[in-house]
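Structural features, examined
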Amino acid sequence: MTADGQFRDPPPPRRTWLDRALGRVGGLALLVTLAGGGLVLVALALVFVGLLLPVVLGAGLIAFVSFWWRLRRLRRAGGAGPVRFVVIRR
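What this report covers is the structure whose coordinates are included nearby. (Residues numbered from 1 in each chain as written. Predicted model: local features only at pLDDT ≥ 70, side-chain atom pairs only at ≥ 80, totals over all residues. Heavy atoms only, no water.)

Some remarks on a nonpolar patch on the surface
A cluster of nonpolar side chains, L41, L44, V47, F48 and L51, forms an exposed patch at the surface whose accessible area comes to about 520 Å². Along the chain, V47 turns up in helix α1 (residues 17–76). (Patch = residues over 30% accessible without salt bridge, like charges linked within 9 Å, V, L, I, M, F, W, Y side chains within 5 Å. Areas by Shrake-Rupley, 256 points an atom, 1.4 Å probe, with all protein chains shown as cover. Salt bridge = Lys/Arg side-chain N within 4 Å of Asp/Glu carboxyl O. Helix = DSSP H or I, 4+ residues; strand = E, 2+ residues; numbered from the N terminus.)

Listed below in C-alpha cells is the structure:
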C-alpha cells in the first residue's frame, strides 16, 4: 500500500529465455493438439459414414425392389401402373 492509500501490484517477475522458450513450445504443442483432435474428429466421422453407407444402400435397395415388385404384380393383374395426375383447367 502506498502512502496515499492505494494498492500497488507487485512487479511481474522477470522473464528469462527459458520462460520464452517454454511459452513458444507450449503454444506449438497446443496447436498440434488441436490439429490432431480435429483430424481424429474427421476420421471418426468418416468411420461412421463408412458404417452407415451400406445400411442406407441396403435399405434403399430393399425399398426399390419392394416398389418394383408391387408395380409388377399390379400390372399383371391389369392395373393401370403408376397413378398419373391430370389437371384439367376450365
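Describing the environment of D19
Considering the arrangement of structural elements, one finds D19 in helix α1. By relative accessible area, D19 is classed as partly exposed at 37%. As for D19 and G37, which are separated by 18 residues in sequence, their C-alpha atoms are 27 Å apart. (Buried < 20%, exposed > 50% of the residue type's maximum accessible area, 1.4 Å probe, protein only.)

Re the packing of aromatic side chains
Evaluated as defined, the whole model comprises one aromatic pair. With 6.1 Å between their ring centres and 50° between their planes, W68 and W69 make a pair best called tilted. Residue class for W68 comes out partly exposed when judged on its relative accessible area of 45%. (Phe/Tyr/Trp six-rings, centres within 6.5 Å; stacked < 30°, edge-to-face > 60°.)

Concerning the environment of D9
With respect to the helices and strands, the residue D9 is situated in the segment before α1. Judged by its relative accessible area of 71%, D9 is exposed. Put simply, D9 and L28 are 19 residues apart on the chain and 31 Å apart in space, counted from C-alpha to C-alpha.

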